[in-house]
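Summary of the model geometry
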2 protein chains.
Amino acid sequence: MHEHTNPTAAVLVIGDEILSGRTQDTNINTIARFLTGRGIDLKEARIVPDDEDEIVAALNALRDRYDMVFTTGGIGPTHDDITADAVARAFGVPISHHPEAVKILRQLFADMGREETQARMRMARIPHGAELIPNPVSKAPGFHIGNVYVMAGVPKIMQAMLNELDEKLPRGRKVHARTIRADLPEGDLGDALSAIAKAHPHVAIGSYPFNEKGHFGTRIVLRSRDETALQKAAAQVRALVDDLTAKIPNPPVNWE
Amino acid sequence: MHEHTNPTAAVLVIGDEILSGRTQDTNINTIARFLTGRGIDLKEARIVPDDEDEIVAALNALRDRYDMVFTTGGIGPTHDDITADAVARAFGVPISHHPEAVKILRQLFADMGREETQARMRMARIPHGAELIPNPVSKAPGFHIGNVYVMAGVPKIMQAMLNELDEKLPRGRKVHARTIRADLPEGDLGDALSAIAKAHPHVAIGSYPFNEKGHFGTRIVLRSRDETALQKAAAQVRALVDDLTAKIPNPPVNWE
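An account of the accompanying structure is given in this report.

With that settled, the discussion passes to the interface of chain A and chain B. At the junction of the two partners, chain A supplies 73 residues and chain B supplies 73 residues. A buried area of about 5600 Å², summed over both sides, lies between chain A and chain B, and 52% of it is on carbon and sulfur atoms. Counting the contacts that link chain A with chain B gives six salt bridges. Here Glu54(B) ties to Arg65(A) by a salt bridge, and the two come within 2.5 Å at their closest N and O atoms. Seen at the junction of chain A and chain B, the total is 28 residue pairs in polar contact (both at pLDDT 80 or more).

Written out as structure tokens, the structure is:
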């Protein structure tokens with residue numbers, strides 16, 4: 001990998017309950033913040049249904065294209081948990097009960113006073129060649145194979161698995177960020193902000209409108225791996241905002 | 001379209017701020033609930049960065065495959081707002097200032113005491129052949145072209161644009177849903193639930209674990225367009241849950 005390129009990643013969320021609107025996904029955001037904090041660029045996220053063909057197709061598209069793929073959901077003990085099978089098919093490897101996962105689950109079921117049934121032991125089925133990701137919350141492990149990290153869908157468990165991966169994942173140059181608030185609508189900043197963005201090609205500048213008590217405002221977010229370039233661009237944006245705010249009135253408008 | 005197939009849809013969220021983790025997306029969930037309520041199947045969602053090539057590629061993949069595509073984000077007045085250009089490129093049509101959009105924005109800027117600048121009028125640039133989607137909140141319109149609906153990223157504005165589309169979109173047969181709570185871990189239900197799912201091919205059965213005060217539990221969600229089939233399957237799940245709950249103890253476990 002070129003020293004100036006950062007590792008790239010994608011997230012694949014698997015779950016009918018997200019696409020039906022029943023559940024609001026929060027895992028993408030959690031993973032995004034985790035990756036941003038370690039200098040890995042999250043380039044894409046997809047949400048697909050509990051359908052093996054769809055999971056396989058999305059997984060193969062994403063793992064070919066990005067350095068890492070993180071999946072969430074579909075690794076529980078019931079019939080709709082098909083992620084492990086889909087991952088095995090995507091990699092063209094067999095799947096069977098992983099001895100270490102069997103051991104973990106046997107202990108869990110013993111502690112819970114449960115018999116070892118076929119359904120319960122489904123969670124020990126792991127594609128060949130995969131390594132387990134420990135689950136300190138509810139025990140049933142995730143796994144990683146090649147550049148794919150397969151995690152639970154329950155946010156608390158997903159977060160715990162992500163923490164387990166912390167030491168194993170690469171780190172890139174961290175992206176630094178500054179946020180500057182302008183008490184002006186986006187349109188007042190457009191031309192000058194565009195000129196600053198063009199003059200600083202290594203700084204990504206985004207602008208996000210908001211409305212507070214009827215007054216339009218804009219949050220300008222500058223992001224860069226180059227702290228010096230970031231500071232220069234931020235100083236120019238700051239000066240622009242101060243200048244425009246002094247010159248242009250910003251009366252409240254009827255934002256319903 | 002075959003009378004038994006429902007319209008399908010995809011969501012394309014455009015925005016670096018979602019992929020960096022700075023902002024938690026809520027638009028996918030809002031659109032998902034809107035579509036589910038009218039019998040349109042949301043089949044996929046993607047989040048891509050503010051990058052024209054990426055937007056064009058994702059848009060073309062999704063609009064070829066699904067009956068409708070809903071995009072959010074990137075239609076403001078600043079340099080990082082490139083969605084309209086990307087949509088024009090994806091459809092191979094020119095883009096220029098739309099007379100009706102120009103009129104709306106001129107009125108807005110007059111009301112705000114603002115001059116008409118190039119940056120401000122960027123929001124009137126609309127691909128040829130598109131129709132405007134009114135924006136009752138902050139005026140700058142969205143648009144639709146072919147099977148693609150282009151909406152703002154700010155949730156309040158997106159929701160308002162979605163409401164404006166309500167009369168124009170097709171309706172499918174609504175999916176009915178029942179949720180049954182089991183005070184048992186998922187693994188206790190697995191085998192029997194799988195048998196019920198197999199016996200009711202027109203009912204989708206999902207199971208979602210939770211933990212409450214240390215006790216494992218499972219929410220079983222049944223979904224179907226066929227209300228009679230749904231009621232039959234739900235009655236079987238209800239009986240299964242009652243039977244198992246009476247038989248199997250569910251002591252608290254240490255879910256950290």
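Let's shift gears to the packing of helix α8 (residues 186-199) of chain A against helix α9 (residues 227-247) of chain A. Residue and element names in this part refer to chain A. Close contact between α8 and α9 brings their axes to 11 Å; oriented N to C, the two are set at 155 degrees. By the angle class used here, α8 and α9 are roughly antiparallel. Crossing of α8 against α9: the hand is right-handed. Contacts from Asp188, Leu189, Ala192, Leu193 and Ile196 in α8 reach Ala233, Gln236, Val237, Leu240, Val241 and Leu244 in α9.

Our next topic: the relation of the copies chain A and chain B. Of the two same-sequence chains, chain A is brought onto chain B (RMSD 0.0 Å, axial shift 0.0 Å) by a rotation of 180 degrees. The operation mapping one copy onto its partner corresponds to a two-fold rotation axis. Using C-alpha coordinates, one finds that chain A approaches the rotation axis most closely at Arg46(A), a distance of 2.2 Å. Of the interface residues in chain A, 100% have counterparts in chain B that sit at the interface too, so the contact is made through matching surfaces.

Criteria and cut-off values
Residues numbered from 1 in each chain as written. Chains lettered and ligands numbered in written order. Predicted model: local features only at pLDDT ≥ 70, side-chain atom pairs only at ≥ 80, totals over all residues. Heavy atoms only, no water. Contact = heavy atoms within 4.5 Å. Buried area = accessible area lost by both parts, 1.4 Å probe. Salt bridge = Lys/Arg side-chain N within 4 Å of Asp/Glu carboxyl O. Polar contact = N/O pair within 3.5 Å; in protein donor to acceptor, adjacent residues only side chain to side chain. Axes fitted to C-alpha atoms, helices over the stretch in contact; angles between N-to-C directions. Helix = DSSP H or I, 4+ residues; strand = E, 2+ residues; numbered from the N terminus. Parallel < 35°, antiparallel > 145°, perpendicular 65-115°, else oblique. Left-handed = near helix turned anticlockwise from the far one by under 90°. Least-squares fit on C-alpha atoms with pLDDT ≥ 70 in both.

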